[in-house]
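# Summary of the model geometry
The chain contents come next:
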Amino acid sequence: MSDTPVLELRNVTKTYQVKQGMFATPKPLKAVNDVSLKIGRGEVLGLVGESGCGKSTLAKILLGLEQPTEGQVLVDGKEIGAQNRSELARRIQPIFQDPYSSLNPRKSIYDIISLPLRVHNVGDSASQEKAVREILDIVGLPARVMNTYPSQMSGGQRQRVAIARALIMKPEIVICDEPTSALDVSVQSQILNLLGELRREFGLTYLFISHNLAVVEHLANRVAVMYLGRIVEEASVEGLFDRRRHPYSDALLQSVLTPDPGMGVPDTHLGAAYPNPIDPPKGCHFHPRCAKAMPQCSQAAPLTVPTEDGRVECHLYGAQAPTA
Amino acid sequence: MTDTPILSVRNLTIDIPVGGGTLHAVRGIDFDLNRGETLCIVGESGSGKSLTSLALMGLLGKKISRRADRMEFDGIDLMKTSQRGMRKLRGLRMSMIFQEPMTSLNPAYTIGDQLAEALLLHKKVSREQARARAVELLEKVGITAAKSRLSQYPHQLSGGLRQRVMIAMALMCEPELIIADEPTTALDVTIQAQILRLLVDLQKELGMAMILITHDLGVVARVADKVAVMYAGELVETGPAADVFGAPAHPYTRGLLRCIPVPGKTERGAELGTIPGIVPSLVGEVSGCPFRTRCDHAVDACRQPIPLREQQAGRHSFRCVHPDGRAASPQEVPA
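It should be emphasised that the depicted structure is a prediction, and the values quoted were computed from it without experimental measurement. (Residues numbered from 1 in each chain as written. Chains lettered and ligands numbered in written order. Predicted model: local features only at pLDDT ≥ 70, side-chain atom pairs only at ≥ 80, totals over all residues.)

### With respect to the overall build of chain A
Quick note on the threshold: Only runs of H or I of at least four residues qualify as helices and only runs of E of at least two qualify as strands under DSSP, and these elements are numbered from the N terminus. All radius of gyration figures rest on C-alpha atoms, and the globule criterion is 2.2 Å times the number of residues raised to 0.38. Every C-beta atom is placed from the backbone, and the number of other C-beta atoms within 10 Å of a residue's own sets its class: buried at 20 or more, exposed at 12 or fewer, partly exposed in between.
Secondary structure assignment for chain A yields 9 helices and 12 strands. For 324 residues, the compact-globule estimate of 2.2 N^0.38 gives 20 Å, and chain A sits close to it at 21 Å. By principal-axis analysis of the C-alpha atoms, chain A measures approximately 70 × 50 × 50 Å. Across the 324 residues of chain A, 45% fall into the buried class.

What follows is the structure, given as structure tokens:
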């Protein structure tokens, strides 16, 4: 791994102004709150958290679809804002969750996959067709699908088309936003295997957003846990799954239902519902749902404490830890 | 628990007319469900699991044909029950929880009205009694400030809360059978665990029988007493959860279990098992084993009718030409 991370977020914040009611004054909603992350070349960073925690907003910022309110996004050490968007699109490509809505139903598979080449004026039509044939072969689709339409394909095939479209410009970074959650179990494993192969073959870097922790554990080498716009724990995949620190990470991992009959359904102790992000709880945002909450958790926001392979934001650790 | 099952289904068959002929969506499935028991029907999309549940509730579309040698709910022949008769059963003695809490609640009515409806329809109660019962159930499914929720509309609630309302609604008349079709698929993992716990606890408390339809093997393992694995309209394997997961007999069941990464068991980054190929078309004549085109153990005999193999005195059964679900020398045989 080189020293410069291929993708870096420095104190990125995205604030939306949300109006509740016709005459109400807009209130700020911090969808992404002071997030700093680094992804090295060839790494897979898993980003996990419940719906509404800001995972997808973060993905949009990385794709240049949203501008951060504060902070910087750096690709290869250069700030994104300084580069133009088409240059960015060559280097960062998305794969979305739902292959049924992310492919234009009125375009043929050839049109869909070759669009990035045409947008960037890469090669003539003969070389574009050659590129499409190659990429179809790589993602495991027969060349004859070029003239078919998305409606004629299964969910797994569509997701392969979405992967082909993302990879045809040979990007360095792929943002996978829940790429397998709309797929059947047997298809999911095919797509996960394909993503793993492609990473090894082309040295791709993934930001892998998912709420399925079993999948994240399988594919990622680093994991960031997000809660209400903040990264509450970041660690290597071994660090998180074997020695998780944050009580929220613990609750998430306990919710994973492994196929072990007779174990019953775990009690996550996450009693209260997900808080309203417009009006987040004071102190540590997680304290109303935390089984280990202490008096200071509702008073002050926890500091970020470095750990041996990452960091954690919790009053249980570091200098702020209770001396017992 | 009595010996007579509350639900008994033999040779249930569902055909759907399509442009090019008939789609044989469900072909001759059998199962029994005892009081207080949980049956999980697991299968991939298009396997016919949701159609099966709709057939039990009498909610199939008019053009869809449903046949069965037997389909009895507590001695009532559901095949012969009229629409009016079904309406009396639904909500009162058997009720259903749907997958999408976003779309299965009526956005134009308050939570309170929708909860009270089933009770007012089936039982002689006043509006006040119905609302009191609604509050009681909302509290039971873990909704805080239950009374104030009654006047709220579905859009004012989060997904997890809406699914809790759906569960409360299904329980209003204390049904004996509850059918939950992918009740947690649209929810976060944390909420999924809470909702499943709630369902299991309520089921034990009220002694209901439950059919849970899902594609998630983790959910099945944690909740089921009995498991039925469905593939392309057939039950390929049924049995107690411990046996189906501990000693899966059908090649499809084994394949499915190899496909999912299991924290602590599957090596990180290792290649996952896959099931090559795609589900066969069920339009027109369907014969032999539907899984043979994707099966490593397929032989010529798989095109013939497939015998039902029974183990443990009929408790664990599967459909395969091989007595133990394995060919002597597994290999890819083109179908």
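### Looking at the overall build of chain B
For clarity, the cut-off: We call two residues in contact when the distance between their C-beta atoms, placed using the backbone, is within 7 Å.
When helices and strands are counted, chain B shows 10 helices and 13 strands. For 335 residues, the compact-globule estimate of 2.2 N^0.38 gives 20 Å, and chain B sits close to it at 21 Å. Along the longest, intermediate and shortest principal axes, the C-alpha atoms of chain B span 70 × 50 × 45 Å. Every one of the 335 residues in chain B was classed for burial, and the buried ones make up 46%. A separation of at least 24 residues holds for 66% of the contacts in chain B among residues at least 6 apart in sequence.

### With respect to the interface of chain B and chain A
The line we're drawing: Throughout, the ten residues Ala, Val, Leu, Ile, Met, Phe, Trp, Tyr, Cys and Pro are labelled nonpolar, Asp, Glu, Lys and Arg are labelled charged, and all others, Gly among them, are labelled polar.
Contacts between chain B and chain A engage 41 residues on the former and 39 residues on the latter. Within the residue set of the side of chain B that touches chain A, elements represented by two or more residues are helix H6 (159–171), helix H7 (189–206), helix H8 (217–223), helix H9 (241–246) and helix H10 (251–259) of chain B. No other element matches the 8 residues that H7 of chain B contributes to the side of chain B that touches chain A. Considering only residue class, the side of chain B that touches chain A consists of 22 nonpolar, 13 polar and 6 charged.

### A look at the pairing of strand S2 (residues 21–33) of chain B
Consecutive side chains of a regular strand alternate in pointing toward one face of the sheet and then the other. Residues and elements named next belong to chain B. Using the following cut-off: Any two strands with at least two DSSP bridges between them are considered paired.
Pairing of strand S1 (residues 7–18) with S2 involves 9 bridges; the strand directions are antiparallel. Within the sheet, the bridge partner assigned to leucine 12 lies in S2 and is isoleucine 29. The turn linking S1 back onto S2 is made up of 2 residues.

### What to know about the environment of histidine 122 of chain B
Residue and element names in this part refer to chain B. Position of histidine 122 relative to the elements: it lies in helix H3 (residues 111–122). As a C-alpha pair, histidine 122 and glycine 112 span 10 residues in sequence and 16 Å in three-dimensional space. In this view, histidine 122 contacts Gly91, Leu92 and Cys173; residues no more than four positions away in its chain are not counted.

### Regarding the domain arrangement of chain B
All names here are of chain B. Inclusion rule: An automatic or database domain assignment provides the domain bounds reported here.
Assigned domains within chain B: domain 1 (1–93 + 176–276) and domain 2 (101–172). Taken together, the contact between domain 1 and domain 2 spans 11 residues of the former and 12 residues of the latter. Take the side of domain 1 that touches domain 2: its biggest share by element is 5 residues, from H7. The residue inventory of the side of domain 1 that touches domain 2, partitioned by class, reads 10 nonpolar, 1 polar and no charged.

### Side note on the sheet that holds strand S2 (residues 27–39) of chain A
Residues and elements named next belong to chain A. Strand order in this open sheet of 4 strands is S2-S1-S4-S5, and the pairing throughout is antiparallel. Strands with a single pairing partner mark the edges of an open sheet, and in this sheet they are S2 and strand S5 (78–79). Alignment of strand S1 (residues 7–18) against S2, held across 9 bridges, turns out to be antiparallel. The residue of S2 that forms the bridge with threonine 15 is lysine 30.

### Looking at the sheet that holds strand S13 (residues 316–319) of chain B
Residue and element names in this part refer to chain B. Keep this limit in mind: Axes, fitted as lines to C-alpha atoms, cover a helix only where it is in contact. Angles between the N-to-C directions of the axes lie from 0 to 180 degrees.
Taken in spatial order, the 8 strands line up as S7-S8-S9-S3-S10-S11-S13-S12 in an open sheet, and their pairing is mixed. Of all the strands in the sheet, just strand S7 (94–97) and strand S12 (308–311) have a single pairing partner and so form its edges. Along the sheet, successive strands turn relative to each other by an average axial angle of 15°, direction set aside. In the sheet, strand S3 (residues 38–42) pairs with strand S9 (residues 209–214) via 5 bridges, with the strands oriented parallel. Of the residues in S9, the one forming a bridge with isoleucine 41 is isoleucine 213.

### Considerations on helix H4 (residues 127–140) of chain B
Residue and element names in this part refer to chain B. Our working definition: What a helix should span is 1.5 Å times the count of its residues minus one. Directions from the helix axis toward the C-beta atoms define the arc.
Its 14 residues place the ends of H4 20 Å apart at the C-alpha level, agreeing with the 20 Å of an ideal helix rising 1.5 Å per residue. Taken as a whole, H4 has its buried residues at Ala130, Arg133, Ala134, Leu137 and Leu138. Along the long axis of H4, the arc covered by the buried residues comes to 135°, so they all point the same way. Structural note: H4 exposes Glu128 and Glu136 on the side pointing more than 90 degrees away from its buried face. Packed against the buried residues of H4 are H3, helix H5 (146–149) and H6. Glycine 142 lies just past H4 and shows a positive phi near 85°.

### Thoughts on the packing of helix H3 (residues 109–119) of chain A against helix H5 (residues 155–167) of chain A
Residues and elements named next belong to chain A. Rules: Orientation labels follow simple angle bins: below 35 degrees gives roughly parallel, above 145 gives roughly antiparallel, 65 to 115 gives roughly perpendicular, and whatever is left gives oblique. Crossing handedness: left-handed means the near helix sits turned counterclockwise from the far one by under a right angle, and right-handed means the same turn made clockwise.
Following both chains from N to C, one finds H3 and H5 inclined at 30°, their axes separated by 7 Å at the closest point. Here H3 lies roughly parallel to H5, going by the angle between them. Considering only the axes of H3 and H5, their crossing is right-handed. When H3 is examined against H5, the residues Ile109, Ile112, Ile113 and Pro116 are found in contact with a partner set consisting of Val161, Ala164 and Arg165. By residue class, the composition of the contact of H3 with H5 is 6 nonpolar, no polar and 1 charged.

### A closer look at the environment of lysine 123 of chain B
Within the fold, lysine 123 of chain B resides in the loop between H3 and H4. Residues lysine 123 of chain B and glutamine 156 of chain B lie 33 residues apart in sequence; the distance between their C-alpha atoms is 29 Å.

### A few points about unusual backbone geometry
The backbone of asparagine 121 of chain A sits at a positive phi, close to 55°, despite the residue not being glycine. When you line up the elements, asparagine 121 of chain A lands in the loop between H3 and helix H4 (125–139). In this structure asparagine 121 of chain A comes out as exposed when scored by C-beta crowding, with 8 C-beta atoms within 10 Å. Of note, asparagine 11 of chain B is a non-glycine position whose phi angle comes to about 55°, a positive value. A tally of 13 C-beta atoms within 10 Å means that asparagine 11 of chain B is categorised as partly exposed.

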